[in-house]
Amino acid sequence: MSALRFSDTISAALADGVLVVTIDNAPVNALSADVRGGLMATLEHAEKDGAVAGVVLTGAGNSFIGGADIKEFGKPPVEPFLPDVISRIEAFPKPVVAAINGVALGGGLEVALACHRRLATPGAKLGLPEVKLGIVPGAGGTQRLPRLIGIAAAIDMIANGRVVPGAEALKLGIVDRVSSDTLLADAIADIKTINASSLCRTGLLLVPSATTEAIDRAAADALRKARGQRAPAEAVRLVRLAATAPLSEGLAEERRTFIELRDSDEAAALRHVFFAERAAGKVEGLETVAPRRIETIGIVGTGLMGSGIAVSALNGGYRVIGVEQTIEAADKGRERITGLLDKAVQSGRLDAAGREDRLGRLTVTADMPQLAQADIVIEAVFDDLTVKTELFQRLDTIVRADAILATNTSYLDPDLIAAATQRPARVVGLHFFSPAHIMRLLEVVNCKETAPDVLATALALAKRLGKLPIVSGVTEGFIGNSIFSAYRREAEYMVEDGALPQEIDAALEAYGFPMGPFAVFDMAGLEIAWARRKRQAATRNPSERYVAIPDWLCEAGRFGQKTGRGWYAYPDGKRTVDPEVTAMIEAARTEKGIVPKRFTADEIVSRLLKAMVDEGDALLSQGIAARASDIDLVMINGYGFPASKGGPMFAAGRR
Ligand code: 3HC
């Protein structure tokens, strides 16, 4: 093989009359200007060189092509444009075969779709996830994919941004063949079998016919999950267009829509989220610190939170030892964990073998000394300082000297818990969100004495659990609950100032939250915050504004949904405005001599955003949060802030 180079990122070698072209643009072979230019130059060469019978396209490393270069969005476009490269591939007079060796996403799959044949490894991942970035495919995906797999299946993949493995791609008809160890050799051999005079050009295929019912169902499913975001609806429209419009018209409409969405606020917000997620969990100075090996996780407390953590750990492939105080409680804990696994089986997320495998790695016991086998112990017991410090002192005498102790406290000071042990450097906070086996967010609390390797281990563990770890310093409520408290406080101030709970909830829901704050308070229950307020009453600054309405609600036995009454009433479980609450609010205003003012929805959102941002700025200046984008991710993944707005810090910046 003699090597040729067409740009910094594109090289090629002739093998048996076939030009094997490698895209090498680490980390994911994104389609940068250099890649696009190099591909054009390669095609130019391959067309002219009589020794080249055909072209195989593949990627270096673990990726085929990760998509368009997202870092180029928002910058002036540079030629050649991706649709032109792709048209050139499809119209190429010699066979072009895609050897998909890893991820083929977005523009990467669009390149492959234009090739005359596609081979993929079983582990390759194929998809058009553009909607997750607030855009639609912009280089033919919405027009070519339905020509291969039909309108309904294409809507399912594109409007949901669903990524499929190689084997499923074969079943769907996206790829022609799955090949494991001999992908390149198979692709080269395939070129020889292709008749250059009848190349299969995807864009010229007829869209397979389908029933309107199947198409409507796929569209309705996708739009229901889209919760008002624009891109999924546009994706559905464009895929449907493939069935009725000629290719050129469909491509032009797709490109127009892509450019319009790419420049939208929604796409800018989702791009921010994408890069924020990649930055999250990166801690300066920790790059060279190796995480410790974790195989066995101890979990003390197998209630709602502990059982969720256990399932998450089992899903991550760990051995789990759950500990309870009594044999009866241990039996109940095992039942709870088994129940969660059964639910996963019923919903099709887990198969029977996966369930057995997980149960095979689970022990639930009342015999705490078994935790001597654990590499890390996570406590998920009642959130009380005495309970937790006594537990940690006991664990200190049981676990190995090098084992890590993690507390799942949400409000207590983990430095105090750590100080109760002989190993404060080996203590870290792992603040899971409930239900812990579902929620992606995990606040990793870097305590005063936490050793760098312990923090690195906690971050590696979070990743293996499939979580999104955000590092927080120690403060009451860490990042999430600090911001949520500020949000709650401001929402209550606004109620006193003139906005009704239902007006505030409606404004926030229209903004994109699945539920407004008062509906959330009712769902979570009002009594825990009430108990905390009573605890803090003696030390509260008397000059600080205090809204008594939530106390009055609790005194009236209105603890939220669980008692059928809270900020709202719930006759038949349905959220309903309650005149009794409105009267309480009016009485509170009169008592303080407040003349109520009217708030527009925009004023409500602005005031709540400002409260969150002020608190966020304080957390940044105190070093509790490392970056504003971490705060955005916490609020999006833990508190329902709409991702399409980018999080409070980003959204406030845009305003
Ligand atoms: N453009 C630019 N940079 C990208 C990128 C892209 N498309 N995809 C990933 N990266 C970068 C990340 O920012 C990260 O950079 P960093 O190391 O500096 O933080 C690095 O690549 C590695 O990414 P991950 O940490 O996510 O690595 P993983 O191995 O976990 O995942 C992946 C790899 C599955 C490719 C994942 O990065 C991913 O999903 N990327 C986005 C894929 C995508 O959405 N493609 C469509 C783009 S839009 C498009 O193609 C429009 C077209 O229709 C015209």
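Computed from a prediction, not measured in an experiment: that's the story for all the values here.

What should I look at first to understand the site of the ligand in this one?
Looking at the ligand, there are 23 residues lining it, with A68, G107, E110, E130 and R278 nearest. With respect to the ligand, the side chain of E130 contributes an N or O atom lying 2.6 Å from an oxygen atom. For the ligand, an oxygen atom lies 2.9 Å from a polar atom in the side chain of K282. When residues of the shell around the ligand are assigned to their parent elements, the largest contribution, three residues, is made by helix α11 (residues 265-279). Its residues placed into classes, the shell around the ligand shows 12 nonpolar, five polar and six charged.

What's the story with the sheet that holds strand β12 (residues 296-300) in this structure? I'm lost.
Hydrogen bonds between backbone groups are what pair the strands of a sheet, and the pairing can be parallel or antiparallel. With mixed pairing, the eight strands of this open sheet are ordered in space as β14-β13-β12-β15-β16-β17-β18-β19. Two strands bound the open sheet, and with one partner strand each, they are β14 (362-365) and β19 (468-472). Along the sheet, successive strands turn relative to each other by an average axial angle of 25°, direction set aside. Judged from the five bridges that link them, β12 and strand β13 (residues 319-323) form a sheet pairing that is parallel. Bridge pairing in β13 places V300 opposite V323. Packing of helix α12 (residues 304-315) onto the sheet brings it into contact with β12, β13, β14, β15 (376-379) and β17 (427-432), and relative to β12 it is tilted by some 170°. Contacts between helix α25 (residues 628-639) and the sheet are confined to β18 (441-445) and β19, with β19 contributing the most and set at about 130° to the helix.

Can you help me understand the pairing of strand β3 (residues 18-23) in this one?
Within a regular strand, side chains alternate between the sheet's two faces. Counting buried residues along β3, five of its six residues qualify, which places the element largely inside the surrounding structure. Bridging between strand β2 (residues 10-15) and β3 involves six bridges; their strand directions are antiparallel. Bridging across to β3, A15 finds its partner in V18. Direction of pairing for β3 relative to strand β4 (residues 54-59): parallel, over a ladder of six bridges. Across the sheet, residue I23 finds its bridge partner in β4, namely G59.

What exactly am I supposed to notice about the nonpolar core here?
Nonpolar side chains in soluble globular proteins tend to be buried together. The biggest cluster of nonpolar side chains holds 71 residues, and the ones touching the most others in it are L57, I100, L126 and I174. Ranked by the residues each element gives to this core, the list is headed by helix α5 (residues 151-160), at seven residues. In this structure, L526, W530, F599 and A651 belong to the second largest nonpolar core, which totals 56 residues.

Honestly, the sheet that holds β2 in this entry has me stumped. Any pointers?
Reading across the sheet, the seven strands line up as β1-β2-β3-β4-β6-β8-β11 and stay open at both edges, with mixed pairing between neighbours. Each edge of the open sheet carries a strand with a single partner, namely β1 (3-5) and β11 (177-178).

So what exactly am I meant to see when it comes to helix α13 (residues 327-346) here?
Given 3.6 residues per turn, any residue in an α-helix points the same way as the ones three and four places further on. Here α13 is 20 residues long and its end C-alpha atoms lie 28 Å apart, about the 28 Å a rise of 1.5 Å per residue gives. Of the residues making up α13, those classed as buried are A330, G333, I337, T338, L340, L341 and A344. Angular distribution of buried residues about the axis of α13 spans 150°; they occupy a single face of the element. Set apart from the buried face of α13 by more than 90 degrees, the exposed residues are E328, K332, E335, K343 and Q346. Where α13 is buried, its residues meet α12, α14 (352-360) and β14. Once α13 finishes, G348 follows within two positions and takes phi at roughly 85°, a positive value.

Help me understand the domain arrangement of the protein, please; the structure alone is not making it clear to me.
For interface size, the figure often reported is the accessible area lost on association. What the domain assignment reports for the protein is domain 1 (4-263), domain 2 (296-474) and domain 3 (480-651). A straight line from the C-alpha centre of domain 2 to that of domain 3 covers 30 Å. In this complex, domain 2 contributes 14 residues to the contact, which on the side of domain 3 involves 11 residues. Counting the surface domain 2 buries against domain 3, the share from its top three residues, Y411, L441 and I470, is 44%. The tally of links from domain 2 across to domain 3 stands at zero salt bridges. At the junction of domain 2 with domain 3, the criterion picks out three residue pairs in polar contact (both at pLDDT 80 or more). Listed by contribution, the elements that provide at least two residues to the side of domain 2 that touches domain 3 are β18 and β19.

Please explain the side chain of S179 as it appears in this structure.
Relative to the elements of secondary structure, S179 occurs in the loop between β11 and α7 (183-193). A distance of 2.5 Å separates the side chain of S179 from the side chain of D186, its partner in a polar contact. Discounting chain neighbours no more than four positions away, the residues touching S179 are A120, T121, P122 and D186.

Would you mind going over the pattern of salt bridges with me for this structure?
For side chains bearing opposite charge, pairing can occur when the charged atoms are close. Within the structure shown, the criterion is met by 54 salt bridges. The salt bridge partner of R230 is E234, with a shortest N-O separation of 3.0 Å. With R230 and E234 both in helix α9 (residues 230-244) and four residues apart, the pair spans about one turn of that helix. Under the relative-accessibility criterion, R230 is labelled partly exposed at 35%. Between D265 and R654 there is a salt bridge, with the nearest N and O atoms lying 2.8 Å from each other. Taken as a pair, D265 in helix α11 and R654 in helix α26 (residues 648-654) lie far apart in primary sequence, 389 residues in all. Exposure remark for D265: the relative accessible area of 55% places this residue in the exposed category. By relative accessible area, R654 is classed as partly exposed at 47%. In the salt-bridge network here, residues are joined through shared partners; they are R230, E234, R237, E253, R256 and E260.

What counts as what
Residues numbered from 1 in each chain as written. Predicted model: local features only at pLDDT ≥ 70, side-chain atom pairs only at ≥ 80, totals over all residues. Heavy atoms only, no water. Near = heavy atom within 4 Å. Polar contact = N/O pair within 3.5 Å; in protein donor to acceptor, adjacent residues only side chain to side chain. Helix = DSSP H or I, 4+ residues; strand = E, 2+ residues; numbered from the N terminus. Nonpolar A, V, L, I, M, F, W, Y, C, P; charged D, E, K, R; others polar. Pairing = 2+ DSSP bridges. Axes fitted to C-alpha atoms, helices over the stretch in contact; angles between N-to-C directions. Contact = heavy atoms within 4.5 Å. Buried < 20%, exposed > 50% of the residue type's maximum accessible area, 1.4 Å probe, protein only. Core = buried A, V, L, I, M, F, W, Y, C linked by side-chain atoms within 4.5 Å. Expected span 1.5 Å × (residues − 1). Arc of directions from axis to C-beta. Domains from an automatic or database assignment. Buried area = accessible area lost by both parts, 1.4 Å probe. Salt bridge = Lys/Arg side-chain N within 4 Å of Asp/Glu carboxyl O.

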